[in-house]
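Below, each chain spelled out in residue letters.
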Amino acid sequence: MEEKEQVHKRRVRYSGTHPKTFKEKYKEQNPEKYADTIEKVIRKGSTPAGMHISICVDEILDFFKIKPGQKGLDATLGYGGHTQELLKCLEGKGHIYALDVDPIEIEKTKKRLASKGFGPEILTVKQINFANIDQVAEEAGKFDFVLADLGVSSMQIDNPERGFTYKFEGPLDLRLNPEKGISAAERLFDITEEELQGMLEENSDEPYAKEIAGEVIRRNRRKDKIETTTQFKETIEAALSFIPQKERKEAVRKSCQRCFQALRIDVNSEFEVLYNFLDKLPEVLVPGGRVAILTFHSGEDRLVKKAFKAGRKMGIYREIAEDVIRPSAEECNRNPRARSTKMRWAVRA
């Protein structure tokens, strides 16, 4: 039987001089193969598509003071940038456990770290919510250091199919684990006006929560279901149509950022998850164990600050950060997504 001749398929060309869509940015999504392209994108102050630039790495390592042989936990694996730096400090001795709920990205990161020499002898990756750190500690024992980066990874934001941003057309999903729970679109279609207004106010301090909630419910009554990121953005624009034209564009942009954030927090139960994590945290740390948490909006930071202060008052933590630690101006210039970052730390008594 004759073998069929394989037909070479040309890569789909994009129009213009630069790729615009996520799928067209094939060089950015292959950092090992196109290192020069990656560096150019980063130098321009952008994050390459499909990649995530870790924030406050120097500050975290300076605080942890990791010694070879220690055991650590990265509660939010993501792209694995922080995990990789923590592993380097172990110098082949010790172990790190890393957690993530995203079934899509976790396997990619696991392979990426394995290719750099960090295999199961020094790294254990688990698809588990970091609210369940007590379950991990039952297996692993207590940790010398714990890191939690509460930001959404750039890989999730940049991929339109995940529905995390209003900037690209895609399904309004927003789930960190798309295999569980209901999407943001389903949530919006089955919500009362009062509940939605409260969600937008509590989760993102949205000043136009009442107007936006009212517009969403009007669409629902017309059976005009909001199913895509663009439709949700258009709904916000319609709700803010009373704002003078010259101020409207900026107001819509900021409200879109806040509303997408509020919905994401809701569908992933992020505050409940953080409550559970902070409650269980002291019991998974050895005496003198250190924890660092990166937050990206005021609601998260308030919870962390309150938990650490209460812990110190009760004698659970011997020392906590008196003030938040911010990324340097140089880091923010190189990575604009770092600008809203706040880091807090605590040391177990």
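Everything numeric in this text was worked out from a predicted model, so none of it was measured. Here, residues in each chain are numbered from 1, in the same order as that chain's written sequence. Residue-level local features of this predicted model are given only where pLDDT is at least 70; pairs of side-chain atoms are given and counted only at 80 or more, and the full residue set underlies all totals for whole chains, interfaces and linings. The basis for every side-chain value is the complete set of heavy atoms in the structure, and neither hydrogens nor water enter the calculation.

### Comments concerning the sheet that holds strand S7 (residues 342–348)
To keep things clear, this is the line we draw: Any two strands with at least two DSSP-identified bridges between them are counted as paired. Under the scheme used here, helices are H or I runs from DSSP no shorter than 4 residues and strands are E runs no shorter than 2 residues, and both carry numbers assigned from the N terminus. Lines fitted to the C-alpha atoms define the axes, with helices restricted to the stretch that makes contact. Angles between their N-to-C directions range from 0 to 180 degrees. Note on contacts: a residue pair qualifies if any of its non-hydrogen atoms lie within 4.5 Å across the two residues.
The sheet built from 7 strands is open, its strands ordered S3-S2-S1-S4-S5-S7-S6 with mixed pairing. Of all the strands in the sheet, just strand S3 (123–127) and strand S6 (317–320) have a single pairing partner and so form its edges. Averaged over all adjacent pairs, the angle separating strand axes in this sheet is 15°, with direction ignored. Looking at chain direction, strand S2 (residues 95–100) and S3 are connected through 5 bridges and run parallel. By the bridge assignment, Ile96 is partnered in S3 with Leu123. Running over the sheet, helix H4 (residues 103–115) touches S2 and S3 and is turned about 170° from S3.

### Brief notes about the pattern of salt bridges
The following threshold applies: Only one rule defines a salt bridge in this text: a Lys or Arg side-chain nitrogen within 4 Å of an Asp or Glu carboxyl oxygen. Relative accessibility under 20% of the residue-type maximum defines a buried residue, over 50% an exposed one, and the middle range a partly exposed one, all with a 1.4 Å probe and only protein chains included.
In this structure the tally under the stated criterion is 19 salt bridges. Measuring nitrogen to oxygen at the nearest pair gives 2.5 Å for the salt bridge that ties Asp266 to Arg187. In this pair, Asp266 is assigned in helix H11 (residues 245–267) and Arg187 in helix H7 (residues 184–189), connecting sequence segments 79 residues apart. When its relative accessible area of 16% is taken as the criterion, Arg187 is described as buried. Across the pair Lys342 and Asp301 runs a salt bridge, and its minimum N-O distance is 3.8 Å. With Lys342 in strand S7 and Asp301 in helix H13 (residues 298–313), this pair connects stretches of sequence that are 41 residues apart. One connected set of salt bridges, linked through shared partners, spans Arg187, Glu195 and Asp266.

### A look at the confidence of the model for the chain
The following threshold applies: pLDDT is a per-residue confidence score from the predictor, ranging from 0 to 100.
For the chain, the mean per-residue pLDDT works out to 87, and 85% of the residues sit at or above 70. Within the chain, the element-level pLDDT minimum falls on helix H1 (residues 35–43), averaging 54, and the maximum on strand S1 (residues 71–74), averaging 98.

### Observations concerning helix H3 (residues 81–90)
Summarising burial for H3: 7 of the 10 residues are buried, a large majority. When we look at burial in H3, the residues that qualify are Gly81, His82, Thr83, Gln84, Leu86, Leu87 and Leu90. Downstream of H3 by a residue or two, Glu91 has a phi angle that is positive, lying close to 55°.

### Some details on the nonpolar core
This is how the line gets drawn: Nonpolar core, defined: a set of buried Ala, Val, Leu, Ile, Met, Phe, Trp, Tyr and Cys residues in which side-chain atoms within 4.5 Å join the residues together.
Grouped together as the largest cluster of nonpolar side chains are 33 residues, with contacts concentrated most on Leu172, Leu174, Leu188, Leu196, Ile212, Phe232 and Leu263. The set of elements that each furnish at least two residues to this core consists of H7, helix H8 (193–204), helix H9 (209–221), helix H10 (229–239) and H11. Among the nonpolar cores identified, the runner-up in size contains 32 residues, and Ile128, Val136, Ala137 and Leu285 belong to it.

### What about the environment of Ala307?
Here Ala307 is to be found in helix H13. In this structure Ala307 comes out as partly exposed when scored by relative accessible area, which is 24%. In this structure the C-alpha to C-alpha distance between Ala307 and Tyr275, which are 32 residues apart in sequence, comes to 8.8 Å. Excluding anything up to four places from it in sequence, Ala307 contacts Leu278 and Tyr317.

### A short note on the packing of aromatic side chains
Condition: Any Phe, Tyr or Trp ring, taking Trp's six-membered ring, that has another such ring centre within 6.5 Å forms a pair; planes under 30 degrees apart are called stacked, those over 60 apart edge-to-face, and the others tilted. Over a ring means this: the NZ of a Lys or the CZ of an Arg is within 6 Å of the ring centre and within 35 degrees of the ring normal.
By the definition in use, this model includes 9 aromatic pairs. Considering the side-chain rings of Phe64 and Phe145, the 5.2 Å spacing of their centres and the 40° angle between planes classify their relative orientation as tilted. Taken together, the residues Phe64 in helix H2 (residues 57–64) and Phe145 in strand S4 (residues 143–149) connect sequence positions 81 residues apart. Phe145 shares its class with Phe64; the two are buried. Ring centres of Phe232 and Phe260 lie 5.3 Å apart, and the angle between their planes is 50°; on these two criteria the pair is classed as tilted. A residue pair is termed long-range when its members are at least 10 positions apart, and Phe232 in helix H10 and Phe260 in helix H11 qualify at 28 residues. An identical accessibility class is assigned to Phe232 and Phe260; each is buried. When the ring centre of Tyr79 is taken as origin, the NZ or CZ atom of Arg112, which lies over that ring, is 3.7 Å away. Here the guanidinium or amino end of Lys225 rests over the ring plane of Phe189, the centre of that ring lying 5.1 Å away.

### Description of H10
This is how it is decided: By construction, the arc corresponds to the directions joining the helix axis to the C-beta atoms.
Along H10, the residues that are buried comprise Thr229, Phe232, Thr235, Ile236 and Ala239. Along the long axis of H10, the arc covered by the buried residues comes to 120°, so they all point the same way. In the core, the buried residues of H10 are packed alongside H7, H9 and H11.

### Notes on the side chain of Thr76
In this structure, Thr76 sits in the loop between S1 and H3. Those residues in contact with Thr76 that sit more than four places away from it in its chain are Leu99, Asp100, Phe130, Leu147, Ala148 and Asp149.

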